Amino acid sequence: MSYVSLQSITKKFGDVEILKGVDLEIEHHQFTVLLGPSGCGKSTTLRLVAGLEPVSGGKIFIDERDVTDLEPRERDIAMVFQNYALYPTMTVEQNMSFGLKAQNMPASDIRTAVHNAAELLGITPLLARKPGELSGGQQQRVAIGRAIVRQPKLFLFDEPLSNLDAKLRVETRSEILSLHQRLGATTIYVTHDQEEAMTMADKIVIMNQGQIEQQGTPEDVFFRPVSRMVAGFIGSPVMNFFNGVGTANGAIETQVGTFEGFPQIRAGQKVEVGVRPDDLIPAEKGETTITGKVLLSELLGVRAIIHLKTQHGLAFKAVVDHEIYRDMKSADEASFTVRDGRLHVFDSESGKRI
Amino acid sequence: MQLKHRLVLPLALVLSAVMLYPVAFSFWISLHDYRLTRLDDVRWVGFENYKFIATDPGFLNAMGNTITFVIGAVTLELILGLGLAILLQRLVRFQNFIRSTLLAPMFITPIAVGLMFRFLLNSELGVISHYLGEIGITVDWFGPQLALFSIILIDVWQWTPFMVLMFLAGLESLPKSPFEAARIDGASAWLTFRCVTLPMLRPVITVAIIIRALDAFKVFEYVFAITRGGPGDATETIMYYIYQAGFRFFRMGEAAAAAFMLIAVILVLVIALVKATKSSTAGRNNV
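Residues numbered from 1 in each chain as written. Chains lettered and ligands numbered in written order. Predicted model: local features only at pLDDT ≥ 70, side-chain atom pairs only at ≥ 80, totals over all residues. Heavy atoms only, no water.

## Quick word on the overall build of chain B
Scanning chain B from terminus to terminus reveals 12 helices and two strands. Counted from the first residue to the last, chain B has its helices and strands arranged as α-β-β-α-α-α-α-α-α-α-α-α-α-α. For chain B, the spread of C-alpha atoms along the principal axes amounts to about 75 × 70 × 30 Å. In chain B, which comprises 287 residues, the proportion classed as buried is 41%. In chain B, of all internal contacts separated by at least 6 residues, the share reaching a separation of at least 24 is 70%. With the model as given, the accessible surface of chain B reaches about 15900 Å², and the carbon-plus-sulfur share is 70%. Between the centroid of the 22 positive side chains of chain B and the centroid of its 18 negative side chains there is a distance of 12 Å. (Helix = DSSP H or I, 4+ residues; strand = E, 2+ residues; numbered from the N terminus. Buried < 20%, exposed > 50% of the residue type's maximum accessible area, 1.4 Å probe, protein only. Contact = heavy atoms within 4.5 Å. Areas by Shrake-Rupley, 256 points an atom, 1.4 Å probe, with all protein chains shown as cover. Lys, Arg positive; Asp, Glu negative; His and termini not counted. Charge placed at Lys NZ, Arg CZ, Asp CG, Glu CD.)

## Thoughts on the nonpolar core
Among the nonpolar cores identified, the biggest contains 97 residues, and Phe98 and Leu156 of chain A together with Phe69 of chain B are the most heavily contacted of them. A total of 12 residues in this core trace back to one element, the largest contributor, which is helix α7 (residues 147–173) of chain B. Not counting residues up to four positions away in its chain, the partners in contact with phenylalanine 98 of chain A are Tyr87 and Met90 of chain A together with Ala182, Asp185, Ala187, Leu191, Cys195 and Val196 of chain B. Counting 43 residues, the second-largest nonpolar core is a separate cluster that includes Val92, Leu121, Leu179 and Ala197 of chain A. (Core = buried A, V, L, I, M, F, W, Y, C linked by side-chain atoms within 4.5 Å.)

## Observations concerning the environment of leucine 191 of chain B
Residue position: leucine 191 of chain B is located in helix α9 (residues 189–217). Considered as a pair, leucine 191 of chain B and threonine 206 of chain B are 15 residues apart in the sequence and their alpha carbons are 21 Å apart. Beyond its immediate stretch of four places on either side in the chain, leucine 191 of chain B contacts Phe98 and Ala102 of chain A together with Val196 of chain B.

## Points about the packing of aromatic side chains
All names here are of chain B. This structure, assessed with the given rule, holds 24 aromatic pairs over all chains. Ring plane angle 5° and centroid distance 5.9 Å describe the contact between tyrosine 21 and phenylalanine 25, whose orientation is recorded as stacked. Of the two residues, tyrosine 21 and phenylalanine 25 are both situated in helix α1 (residues 3–30); the distance of four residues between them amounts to about one turn of the helix. By relative accessible area, which is 53% here, tyrosine 21 ends up exposed. Judged by its relative accessible area of 31%, phenylalanine 25 is partly exposed. Here the aromatic rings of phenylalanine 47 and tyrosine 50 are separated by 5.4 Å at their centres, their planes lie at 50°, and the arrangement is tilted. (Phe/Tyr/Trp six-rings, centres within 6.5 Å; stacked < 30°, edge-to-face > 60°.)

## Observations concerning the domain arrangement of chain A
Reports of interface size often rely on the accessible area that becomes lost once the parts have come together. All names here are of chain A. What the domain assignment lists for chain A is domain 1 (4–229) and domain 2 (237–347). Here the C-alpha centre of domain 2 lies 39 Å away from the C-alpha centre of domain 1. On the domain 2 side, the residues contacting the seven residues of domain 1 number seven residues. Carbon and sulfur atoms supply 62% of the area buried between domain 1 and domain 2, which totals about 600 Å² over both sides. Where domain 1 meets domain 2, there are one salt bridge. (Domains from an automatic or database assignment. Buried area = accessible area lost by both parts, 1.4 Å probe. Salt bridge = Lys/Arg side-chain N within 4 Å of Asp/Glu carboxyl O.)

## Quick look at the environment of isoleucine 354 of chain A
Residues and elements named next belong to chain A. As for its position among the elements, isoleucine 354 is in the segment after β20 (344–347). You can call isoleucine 354 partly exposed: its relative accessible area is 29%. For isoleucine 354 and threonine 289, which are 65 residues apart along the polypeptide, the C-alpha to C-alpha distance reads 22 Å. For isoleucine 354, the residues in contact, after removing those within four places along its chain, are Gln264, Ile265, Gln269, Val271, Val345, Phe346 and Asp347.

## A look at the pattern of salt bridges
Residue and element names in this part refer to chain A. On inspection of all chains with the given rule, the structure shows 24 salt bridges over all chains. Glutamate 272 serves as the salt-bridge partner of arginine 228, at 2.9 Å between the closest nitrogen and oxygen. Here arginine 228, found in helix α8 (residues 228–233), pairs with glutamate 272, found in strand β14 (residues 270–275); they are 44 residues apart in sequence, far enough to count as distant. Overall, arginine 228 belongs to the partly exposed group, its relative accessible area being 28%.

## Digging into the interface of chain A and chain B
Taken together, the contacts link 28 residues of chain A with 20 residues of chain B. Buried area between chain A and chain B, both sides added, is near 2100 Å², and the carbon and sulfur share of it is 61%. Taken together, the connections running from chain A to chain B amount to two salt bridges. Between arginine 150 of chain A and aspartate 185 of chain B there is a salt bridge; the shortest N-O distance is 3.2 Å. At the boundary of chain A with chain B, the tally comes to nine residue pairs in polar contact (both at pLDDT 80 or more). For the side of chain A that touches chain B, the secondary-structure elements that each account for two or more residues are α1 (42–50), β6 (77–80) and α2 (92–102) of chain A. It is α2 of chain A that contributes the most residues to the side of chain A that touches chain B, four residues altogether. Classifying every residue of the side of chain A that touches chain B gives 15 nonpolar, five polar and eight charged. (Polar contact = N/O pair within 3.5 Å; in protein donor to acceptor, adjacent residues only side chain to side chain. Nonpolar A, V, L, I, M, F, W, Y, C, P; charged D, E, K, R; others polar.)

## Observations regarding empty space enclosed by the protein
Residue and element names in this part refer to chain A. The full count for this structure, using the stated rule, is three cavities of 30 Å³ or more. Approximately 70 Å³ is the volume attributed to the largest cavity. In terms of lining residues, the largest cavity is bounded by Ile144, Ile148, Phe155, Phe157, Ile176, Leu179, His180, Leu183, Ala185 and Thr187. When residues of the lining of the largest cavity are traced back to their parent elements, those giving at least two are α4 (136–148), β7 (154–158) and α5 (166–183). (1 Å grid on protein atoms, 1.4 Å probe; cavity = no way out; pocket = protein on both sides within 12 Å on 5 of 7 lines; lining within 4 Å. Points joined across faces, edges and corners; volume = space filled by probe spheres on them.)

## Thoughts on the sheet that holds strand β8 (residues 187–191) of chain A
Residues and elements named next belong to chain A. The six strands are arranged β6-β7-β8-β3-β9-β10 in an open sheet whose pairing can be described as mixed. Either end of the sheet is taken by a strand with one partner, and the two such strands are β6 and β10 (211–216). The average undirected angle you get between the axes of adjacent strands in this sheet is 20°. The pairing of strand β9 (residues 203–208) with β10 spans five bridges and is antiparallel. Considered in β10, the bridge of isoleucine 206 is made with glutamine 214. Against the sheet, α1 touches β3 (31–35), β6, β7, β8 and β9, its axis set at about 145° to β7. (Pairing = 2+ DSSP bridges. Axes fitted to C-alpha atoms, helices over the stretch in contact; angles between N-to-C directions.)

## Some thoughts on the sheet that holds strand β11 (residues 240–246) of chain A
All names here are of chain A. Strand order in the open sheet formed by five strands is β13-β12-β11-β14-β20, with antiparallel pairing between adjacent strands. Two strands lie at the open edges of the sheet, namely β13 (257–260) and β20, each paired on one side alone. Sheet twist, expressed as the average angle between the axes of neighbouring strands with direction ignored, equals 35°. Relative to β20, β14 runs antiparallel, the two sharing four bridges. Counterpart to valine 273 in the pairing with β20 is valine 345.

## Observations concerning the layout of surface pockets
All names here are of chain B. There is about 820 Å³ of room inside the largest pocket. What lines the largest pocket is a set of 23 residues, and nearest its centre among them are Gln89, Arg90, Phe179, Arg183 and Thr192. Going through the elements one at a time, α3 (57–90), α8 (177–185) and α9 are the ones with two or more residues in the lining of the largest pocket. Top element by residues in the lining of the largest pocket is α9. It accounts for five residues. Residue composition of the lining of the largest pocket, by class: 11 nonpolar, four polar and eight charged.

In structure tokens:
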């Protein structure tokens, strides 16, 4: 059995079914990210693992122990909350000591543990302050400190970076990651930010409407999305989609052109063709091209996003290098071809990858 | 005169007429030998009234009774109120019903509450005394030993709901996440209450204590309706003392002086409590 195992977990609030049977295996020392749009059930899943909410059905195992009906304190976990959840009337040191105090650890040991953790996070000068006197980033560090000081079996993070500004978010992101590696911890991390998920995760679990849509490495979900939902959710700027119909000879006809080499597609089957803006490259003569009128362009630095519209009025985007951007931004029209093997085809009805 | 001053002027005049003038006039009275029976012979005595009051055993006894009453009543109301509020917060059903029921005692005018308990606790006719007697307990609720305690109990009956409602509102306004963090941290219910709930609730508790203590210092109706300060002077409170001096014996000078001394005591108490609130809220302004 894996280190953490969720088996057919369901959760209902009244008549509303939030989780519809979640099965998830997490290995020891793995950094797992639960990713999904708002309301997909990712935070609820985390709260069930923490024991803050009872499950409606299914079982949860941590380190081969059935913890389904145990109180949070009996599960040997630590959690970092989105809004930090520090105790406002206690100092930073008292905040970090509280969990150890609750375990009746001797005062001298508590002091050592807290000071070591504070040293690790660089918050030793803040120990005597109260949360109200700290900035958001400092409060989040204290919250992380409170979690690591207890050396739990499992770390749970509930969107810990969403209240921080962009720069601090990137900094704290790498800090959490290096902390995870240094402590050899097992972590479940919830976020709605796909960039966070891509950069941090060993394993990404994409959730949608109370179910797991896809799980795998960041490469898996980025390069081989199993469904239209995952393809549209992962990647920035988002994937371009064009409606198409299968033909008798294994090709797909779309309004932007015909794509060949899909023998598994039936004639007349309705599909959606997806291609990432990064996989559109300027076309040479004689290739299958997607041509569009240049609407506007956004320079990001080395790369630029070009917004285009086909003659049928379909909007799409392409990401190009700086040199190409210079020619393209003043051009009226631009033609692209799809990088080899980077075309994603999804069934229109089921949304599944073909 | 600037416009802003002119705009404040009407209110300032009204307030002066109804507040400043009476206060100034009673202070003037407190410095005179002012008796309603001898209004033609009002004499300046300086601080003689204050000196007399400060050494009058009757006044000191009344002050002692009042302080006992305030400490006893407010402490009991605080403990009961906090306990009930925490229990009520966990109640899923009937919470709103119980909340509105709790308001009932506060709607009754204190003099009626006094009269009601005078009958309920009467050792000959009282229904409470009757049923206690059935199970073999005879208590002389308004005897010399218990009278002040009984008055305290009546106050607790009427005003604990106020504490409950204050604390319930306070508890519900607290952020939920520190309590979840405490559950994860493995804190027992008692540790969570002592280290998380109580410190966060402290500002509300202080305000509730100030409001109730100020009110309790003015206790008069229960005493007037039930014991008239007796037996002996066992339940004579400051307000009852002032009432006696001013409106039974018509010695307005002494009554006014006693009133000002009560104000001084209350002022000291309020300043101390407000300072306590400020020190407890410092450092959590952003939370």
